[in-house]
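Reading the structure
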Amino acid sequence: MRKVIALLLGALVLLPAAARAEKERKSPLTNAPAIRKRLELRDKRFEAGIGVGVSVGQDFYNALLVMPRLAFHITDWIALGVVGGYNVTPTWKSSFHSDLNGSLSDPATTKSASPADATATMNHIAYMAVGQVEFLPLSGKIALFSSIFSYFDFYVFGGAGVVNLTTSSAQPGSCIDSNGRTVCQAYKATELAGNAGIGAHAYLSNYSAIALEIRDLIYKNNASGRDVNGDTVTDAHDLEWGSNWLFSLNVQFFLPAKAKISR
Amino acid sequence: MKRLALGLFVVLANLSVEQVSLAQEPEAPASDTVGGTPTPPADTGPAVGPDLDLTDLSTTPETVEAKKPTAEAAGAPRKAWDDIVVVPRKAFLKKARLELAPFTGITLNDPLIRHYSFGGDLNYYITDVLSIGLEGQYFIKELSERESLVGLQYYRVPTLNKLKYHGALVFGYVPGYGKFGLFNKYIVHWDLTASLGVGMIWTEIIPRNFGDQSFTNKNIAPHLGIGARLFVLDWLTLSLTFRDYIYVDTFEFQGRKRGEALADVITESKNSQTQLVQNIMMFFSVGFYLPPSFTYRTPR
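1. Here we look at the overall build of chain B
Broken down by element type, chain B carries four helices and eight strands. Reading chain B from its N terminus to its C terminus gives the helix and strand order α-α-β-β-β-α-β-β-β-β-α-β. Residue burial in chain B is summarised as follows: out of 300 residues, 23% are buried. Within chain B, contacts between residues at least 6 apart in sequence are counted, and of these 65% link residues at least 24 apart.

What follows is the structure, encoded as structure tokens:
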């Protein structure tokens, strides 16, 4: 009986002690950073490069833009950037534009414009320039085909800028009706634009990378240059906010060329 | 009496074991010292306790290098994790597993009509990077504001088709596998996915005149896809995918008259109003894997 009591006493003391010891045991990796000896490819570095962008889902004209991009990375995860774009294909019609022109009669009827007059009031992007704050929370490595290894990062960005809208043709005479009212008018202006999107760098080396960005430029426009609100005249009341998507691919170079290595 | 003495001895022995086990934890290993300087006893020197001060992670390597001699001179031990090499295994294995992935998607490149898609993928992974599967989806259409303005601005009604269903046999490939650090605190694994599929898409014309009969097209539609997949749990993934469906579709022909026989409309449309269509779509999907767990076949 005494033996049993003694063993029970022993167990009562031993078990909590063992449990406490287990609780207080810490992994040697506690508080270690997730990645050690990491290449800090962005921290305090400038980034400059050039690439091409293409619009998606534009009403009348697609745009292929030459897009320079410059950024300074304040830390490894936040950067300030500016991006420009110049449209090198101002006459690249969308399929909808071609279909619409094909359905319009020439010469114009009393109700519908001729293809040439309709085209004359349709605007397109001439150039754009935006500033953006970039937030880069994700960075890592990828193995392509188990043989090519590359560093990469993902980021989101937001900012503002301007978009210049223009047309290639002069205002057609048919845009002024017999009562002297403006029934159509190409919208040519430099509009303030919101700029938001996501992007990624795929590093080719410690000092160069491919940058892919998908951005939405949000600005007021009347792409057709015709009545939108149904008041039969075309004026500032016909402007509407809209999304304009751009995909871009850039080759970027980083300065200084040497990247630091973290602990 | 002997038994009582034995019992008391066991109790005392346990108490001493507890004290030893607690006392051992904070002690820094002697081999962790730099430059061969022995670690001072925990109660007399600046030995590092179990809670290491790693708050200053922003310190640059140059600064670290500069600080090192001082630290070494003081005989301070290195951080416990400095000498441990960690090579994480691939976080997720797919070979011989079935993936059921319901998805939702949206068309991106048509300014006049937008389609929302609801469907699913069923894939079987032959290897960790190759899969074969089936894809099926149902579409819901939405006409855009631009579509409604065409009538007001040009006195025309657009010729449009709506998407109805799509089904395909799909071959998948994983060209890239990666991991990223979230603020250098958490590691998340992901892979790149590519797919090539061939299937059938059902479309239906939207008659320009209300009341006219519509007809349905069945088009062979190959597609290409590329995407990224995040591994969340052993049986759960999240994916973002872009797919480009390419097919030749038949639209309502331009000269259709009121009351014209549908068979004639179909014939005339097939003869004069076919067009190559590209539908670029973006999908978000959640993947469920069976069996829900996997076993590594190589040692850690």
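Picking up where we left off.
2. Digging into the overall build of chain A
Looking only at helices and strands, chain A has three helices and 10 strands in total. Expressed as a percentage of its 263 residues, the buried residues of chain A come to 33%. For chain A, the share of sequence-separated contacts (at least 6 apart) that also reach a separation of at least 24 residues comes to 69%.

3. Re the nonpolar core
Residue and element names in this part refer to chain A. Formed by 23 residues in total, the largest nonpolar core has its most connected members in Met122, Ile125, Met128, Val163, Ala193 and Leu217. At the level of elements, strand E3 (64–73), helix H3 (115–120), strand E5 (124–144), strand E6 (148–166) and strand E8 (208–221) are the ones that each hand at least two residues to this core. No other element matches the three residues that E5 contributes to this core. When residues no more than four places from it in sequence are discounted, the contact partners of leucine 217 are Met128, Val163, Ala193, Asn195, Asn244 and Leu246.

4. Let's talk about helix H3 (residues 145–154) of chain B
All names here are of chain B. All of the buried residues in H3 are Arg146, Leu149 and Gln153. On an axial view of H3, the arc spanned by its buried residues comes to 55°, and they lie on one face. Exposed residues lying more than 90 degrees from the buried face of H3 are Ser148 and Gly151. After H3 finishes, the residue tyrosine 155 shows a positive phi value of roughly 55°.

5. Concerning the environment of threonine 237 of chain B
Residues and elements named next belong to chain B. With respect to the helices, strands and loops of the structure, threonine 237 is situated in strand E7 (residues 236–250). Residue class for threonine 237 comes out buried when judged on the 22 C-beta atoms lying within 10 Å of it. Taking the C-alpha atoms as reference points, threonine 237 and alanine 101, 136 residues apart in sequence, are found 8.8 Å from one another. Contact partners of threonine 237, with chain neighbours within four places excluded, come to Arg229, Leu230, Phe231, Val232 and Gly287.

6. Re the pairing of strand E3 (residues 130–143) of chain B
Residues and elements named next belong to chain B. Taken together, the 13 bridges between strand E2 (residues 113–125) and E3 define a ladder with antiparallel strand orientation. In the sheet register, phenylalanine 118 faces E3, and the bridge partner there is tyrosine 138. Hairpin connection of E2 to E3: four residues between the antiparallel strands. Bridge count between E3 and strand E4 (residues 160–182): nine bridges; the pairing is antiparallel. Within E4, the residue paired with glutamine 137 across the bridge is histidine 166.

7. A look at the confidence of the model for chain B
Residue and element names in this part refer to chain B. The predicted model of chain B has a mean per-residue pLDDT of 79, with 70% of residues at 70 or higher. Across residues 15–73, where pLDDT falls below 50, the model places 58 contacts with residues more than four positions away in sequence or in other chains. Quick note on the complex model: pTM equals 0.73, ipTM equals 0.74.

8. A word on unusual backbone geometry
Leucine 255 of chain A connects to proline 256 of chain A through a cis peptide bond whose omega is -5°. Along the chain, the position of proline 256 of chain A falls in the loop between strand E9 (240–255) and strand E10 (260–261). Omega for the bond connecting leucine 290 of chain B with proline 291 of chain B falls within 30 degrees of zero, at -10°, which places this linkage in the cis form. Following the sequence through the fold, proline 291 of chain B ends up in the segment after strand E8 (274–290). Despite not being glycine, lysine 44 of chain A has its phi angle at roughly 55°, a positive value. By C-beta crowding, lysine 44 of chain A is classed as partly exposed, having 13 other C-beta atoms within 10 Å.

9. As for the pairing of E2 of chain B
Residue and element names in this part refer to chain B. Two elements, strand E1 (residues 98–107) and E2, share nine bridges in a ladder whose sense is antiparallel. Its bridge partner lying in E2, leucine 98 is registered against tyrosine 124. Between the antiparallel neighbours E1 and E2 lie five residues.

10. Structural notes on the environment of aspartate 234 of chain B
Mapped onto the elements, aspartate 234 of chain B comes out in the loop between strand E6 (216–233) and E7. C-alpha of aspartate 234 of chain B to C-alpha of proline 291 of chain B: the two residues are 57 residues apart in sequence and 9.5 Å apart in space.

11. A closer look at the environment of alanine 236 of chain A
All names here are of chain A. Within the secondary structure, alanine 236 is located in the loop between E8 and E9. By C-beta crowding, alanine 236 is classed as exposed, having 9 other C-beta atoms within 10 Å. Between the C-alpha atom of alanine 236 and that of asparagine 222, which follows or precedes it by 14 residues, the distance is 8.8 Å.

About the criteria used
- Residues numbered from 1 in each chain as written.
- Chains lettered and ligands numbered in written order.
- Predicted model: local features only at pLDDT ≥ 70, side-chain atom pairs only at ≥ 80, totals over all residues.
- Helix = DSSP H or I, 4+ residues; strand = E, 2+ residues; numbered from the N terminus.
- Buried ≥ 20, exposed ≤ 12 C-beta atoms within 10 Å, placed from the backbone.
- Contact = placed C-beta atoms within 7 Å.
- Core = buried A, V, L, I, M, F, W, Y, C linked by C-beta atoms within 7 Å.
- Arc of directions from axis to C-beta.
- Pairing = 2+ DSSP bridges.
- pLDDT = per-residue confidence, 0-100.

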